[in-house]
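Each chain, written out:
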Number of protein chains: 2
Amino acid sequence: MNRAKTPQVGVIEALAAVLPAEALLTEPESMRPYECDGLSALRGTPLCVALPETAEAVAAVLAICHRHGVAVVPRGAGTGLSGGARPSTGAVLLSLARLRDMDAIDFANVCIRVGPGVRNLAISQKTRPHGLYYAPDPSSQIACSIGGNLAENSGGVHCLKYGLTTHNVLAAEVLDARGERLEIGSLAPDSPGYNLLSLIIGSEGLLGVVTSCQLRLLPVPEETVLLLAAFGDVGRAADAVSAIIAAGILPAGLEMMDRLAIAAAEDFVHVGYPREAAAILLCELDGDAQEIAADQARVETILREHGVEDLRLARDEATRLALWKGRKAAFPAVGRLAPDYYCMDGTIPRVRLAEVLAQIAELSRKFGLPVANVFHAGDGNLHPLILYDANVERQQQQAEQLGAEILELCVRVGGTITGEHGVGVEKLDSMCVQFTPEELAQLHRIKAAFDPEGRLNPGKAVPTLHRCAELGAMHVHAGSLPFPELERF
Amino acid sequence: MNRAKTPQVGVIEALAAVLPAEALLTEPESMRPYECDGLSALRGTPLCVALPETAEAVAAVLAICHRHGVAVVPRGAGTGLSGGARPSTGAVLLSLARLRDMDAIDFANVCIRVGPGVRNLAISQKTRPHGLYYAPDPSSQIACSIGGNLAENSGGVHCLKYGLTTHNVLAAEVLDARGERLEIGSLAPDSPGYNLLSLIIGSEGLLGVVTSCQLRLLPVPEETVLLLAAFGDVGRAADAVSAIIAAGILPAGLEMMDRLAIAAAEDFVHVGYPREAAAILLCELDGDAQEIAADQARVETILREHGVEDLRLARDEATRLALWKGRKAAFPAVGRLAPDYYCMDGTIPRVRLAEVLAQIAELSRKFGLPVANVFHAGDGNLHPLILYDANVERQQQQAEQLGAEILELCVRVGGTITGEHGVGVEKLDSMCVQFTPEELAQLHRIKAAFDPEGRLNPGKAVPTLHRCAELGAMHVHAGSLPFPELERF
């Protein structure tokens, strides 16, 4: 190797030696699709794009980058919403999209082994003829891949009952920053040693690269019904949500939309949502017929106690899917109301829902920017959509400031700054609000335990202590950081 | 402070300055109850026993030990079965037994905050009048405490349906080795940052000390029924277990006992177990009446297809508890068959159950030691009880060797060396079989990220790479350890 060359040139040569020509992109034109993820405002240009097809090739890419001291940004389908897959300048973008193997269904253990590039929906499409499905269903499930789902610990409409990604993965093969292989988790109920599987899931590509995973499958429920409940008051709808959960009922999904979101969805897909309502709840119940009947009666009683004004029931699949259609199209529908919108993602304890929605309305008035709310109410996972026009001077900054204040509100009531979209690049500053310096320092020590040189997805998910100190959001004791050894982070 | 004194003397003085006299034991007589946990063969004498009553006092104890460079062994109720709470010589034994606060039930979030010293059963006793309970129910639940449950990620008869401890804890306050406080997890469905909560749970006191936690409560099921199914053949019973799970039925519990265990239990508690059976299954179903009826019919069909010879149903509570009584008394009952017994704890993929039981019988014959099997069949969590007489020369070593071979068998078929009893001191060598050097090195790096000086519960849970290399169970590349920087572990 020519020692005079920069490490960047050396790494491309080394990658070219182990990857077929079509699996290594270096031309700006061919790399364009990899400049951003779903958060398209944040872009970057990688040094090159590697598209390995096997776990061995992924290991080779990682080992080469490690030897050359070059950063690696792992990428799934690129549907993430917080910039987690944005390429860093000079980094190798490592696409896992071509690891698309799916094993046969393991009926005895009711699970399936898949590669990280397999699309979320493709799994249920394969298993449904056998009466099984994979439960986590993020809105992007038609496009997003399992590797990205693990990186972000994705949820979806049904995670209230069936859990997040972390509750539906049994085991994984992971490569560390050097390309060393670790097998974590198992098909058995518990594993000795620290729970590395839960640690890797949701770590946004900072700790390791998953090259295959065993996913839990669930039996397709016998029946499913959907209730649409319209309320004249947002607070009463929110309180009904808490009451349903407090009664020990676990709906498959429990979603809420406010007046602005209802109108936008109805204008877009015309499914007959009640425009006059201040809020609607969509409550899905699944299971066997008797179970559903019992839960349905209890849910209806609670809804009436909370002053529901219009209650509709979808029992057949066509009506049910029509009612869901408005919810599922709500983001693009709201997007038609203004030139730009900013989709927030925060969580709160369910019981604070009414109060937090009232405060979001107050913030919306203060900033003079409309906010539509479409969200996983049962989980307390909010998705306020802030409408603005980037061409109007300062509106983008105002929208961002409003978003930051909403997240601070979430933390203040005991919630978190992200429910399912991850921190990525977008929420680094909000992490300073969420965590104390001690807690952030602990997260950095975990990172160092997997990737001491900080090569995997640098600059994402966990802010440096300096960044927080500069923001003033972090409490700095006596003018110095509490863990001096961590100042380099 | 007198500099000439040893750090050990200094630490006792420093502890005496922050703890009331009755919260610091230093006399051998008073420390005797703390010499071992439930694995009474492994004993040790601590430097002293600290019994703080508040989280602040626990933090003070940790900070003092950190300053003096003295090790700390955290302890719950001392019911653990793998020696995880055995005092190390010269270490401070830190009992969490006095942190017994329980908040009021949080009905809106369906959870309760408790201190680590609260007994497992006390939680359900408090919440049951309100129709709620805490699901994980280890056999020791009358005595064991929540702090120990978190340390061991405890399971129980019902974890098949309701999960292990890790699935039932929402958040925790944790102190690190220096006594710094971390808040991890939240009442919201997901948290940003790495999942430190799952990492701490099951870490056997090596990463931090939990001073309070939020536990998920579940509604008490409307009804519960118990099926007892007797088989003339162990393999058919085992296959029935797999078939029930593969059919998508999720019993609340699915337990198995073999002939030796049946006879021992029947002799002990006289509940009418079928002595002539080669194996019995206890299958509990809970939920609402219709749900149970539907599942029960399907379970009965599967049991018949697998040649069940005797099928009994306990619908009323008295009969149900009587049938459980034999299972719950099985360990002490088997203990009456021989002077000593060695309780193993390993897991296997459920589908390998018949084959593994046959191989355990084979190993039992080879070693000439009887083995009784009483276990969580639905989880694939085996509890072979090896009978021996420690007064007969070499029998204890033979029992240990037989146990080690059973665990190796578990790993060989894709299982693990512990289901719910932890590694502690007892299974350190088996960890060398379970994990590759790379995987163990990663576990050590996690430890170092929390406790770089190795003060928390040293010598437990994760073996040194040297220990494994000396055992010959570890693959050492080219005569050197793969991560030289870790040789000190």
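Just so you know, these numbers come straight off a predicted model, no measurement behind them.

It is worth spelling out the UniProt feature "domain: FAD-binding PCMH-type" (unreviewed entry) in chain A at this point. The UniProt record annotates "domain: FAD-binding PCMH-type" (unreviewed entry) at residues 42–220 of chain A. In the segment residues 42–220 of chain A, helix accounts for 21% and strand for 22%; the C-alpha atoms at its two ends are 39 Å apart.

This next bit is on the domain arrangement of chain A. Residues and elements named next belong to chain A. Annotation of chain A at the domain level lists domain 1 (7–95), domain 2 (111–219), domain 3 (223–412) and domain 4 (428–486). The C-alpha centroid of domain 4 is placed 27 Å from the C-alpha centroid of domain 2. Listed as interface residues are eleven residues of domain 2 and, on the opposing side, eight residues of domain 4. Counting across the interface, domain 2 meets domain 4 through zero salt bridges. Our count for the domain 2 to domain 4 interface comes out at two residue pairs in polar contact (both at pLDDT 80 or more). The leading source of residues in the side of domain 2 that touches domain 4 is helix α7 (residues 196–200), at three residues.

Residue and element names in this part refer to chain B. The alternating pattern of strand β3 (residues 72–75) places Val72 and Pro74 on one face and Val73 and Arg75 on the opposite face, and all of these are buried. Note: β3 against strand β4 (residues 92–95), four bridges, orientation parallel. Its bridge partner lying in β4, valine 73 is registered against leucine 93.

It is worth spelling out the packing of helix α8 (residues 234–246) of chain A against helix α10 (residues 289–305) of chain A at this point. Residues and elements named next belong to chain A. As a packed pair, α8 and α10 sit with axes 9 Å apart at the nearest point and diverge in direction by 145°. Like other packed secondary-structure pairs, α8 and α10 cross with a definite hand, here right-handed. Where α8 abuts α10, its residues Ala240, Ala243 and Ile244 lie against Val299, Ile302 and Leu303. Split by residue class, the contact of α8 with α10 holds six nonpolar, no polar and no charged.

Residues and elements named next belong to chain B. The strand order across the open sheet formed by four strands is β5-β9-β7-β8, and the pairing between neighbours is antiparallel. Among the strands making up the open sheet, the edge pair consists of β5 (111–114) and β8 (181–185). For this sheet, the mean angle separating the axes of adjacent strands, direction not counted, is 15°. Across four bridges, β5 lies against strand β9 (residues 209–216) in antiparallel orientation. Note on β9: the bridge partner recorded for cysteine 111 is arginine 216.

Let's shift gears to helix α14 (residues 395–412) of chain B. End to end, α14(B) covers 25 Å across 18 residues, agreeing with the expected 26 Å (1.5 Å per residue, within 8%). Where α14(B) is concerned, the buried positions are B:Gln395, B:Ala399, B:Leu402, B:Gly403, B:Ile406, B:Leu407, B:Leu409, B:Cys410 and B:Val411.

What follows concerns the side chain of A:Asn120. Residues and elements named next belong to chain A. The topology assignment puts asparagine 120 in helix α4 (residues 120–127). On the basis of relative accessible area, asparagine 120 is assigned to the buried category, the value being 0%. Side-chain polar atoms of asparagine 120 contact the backbone oxygen of proline 136, separated by 3.0 Å. When residues no more than four places from it in sequence are discounted, the contact partners of asparagine 120 are Tyr134, Pro136, Pro138, Gln141, Cys144, Ser145, Ile146 and Asn149.

Cut-off values and rules
- Residues numbered from 1 in each chain as written.
- Chains lettered and ligands numbered in written order.
- Predicted model: local features only at pLDDT ≥ 70, side-chain atom pairs only at ≥ 80, totals over all residues.
- Heavy atoms only, no water.
- UniProt positions renumbered as here; feature names shortened; annotations may be inferred.
- Helix = DSSP H or I, 4+ residues; strand = E, 2+ residues; numbered from the N terminus.
- Domains from an automatic or database assignment.
- Contact = heavy atoms within 4.5 Å.
- Salt bridge = Lys/Arg side-chain N within 4 Å of Asp/Glu carboxyl O.
- Polar contact = N/O pair within 3.5 Å; in protein donor to acceptor, adjacent residues only side chain to side chain.
- Buried < 20%, exposed > 50% of the residue type's maximum accessible area, 1.4 Å probe, protein only.
- Pairing = 2+ DSSP bridges.
- Axes fitted to C-alpha atoms, helices over the stretch in contact; angles between N-to-C directions.
- Left-handed = near helix turned anticlockwise from the far one by under 90°.
- Nonpolar A, V, L, I, M, F, W, Y, C, P; charged D, E, K, R; others polar.
- Expected span 1.5 Å × (residues − 1).

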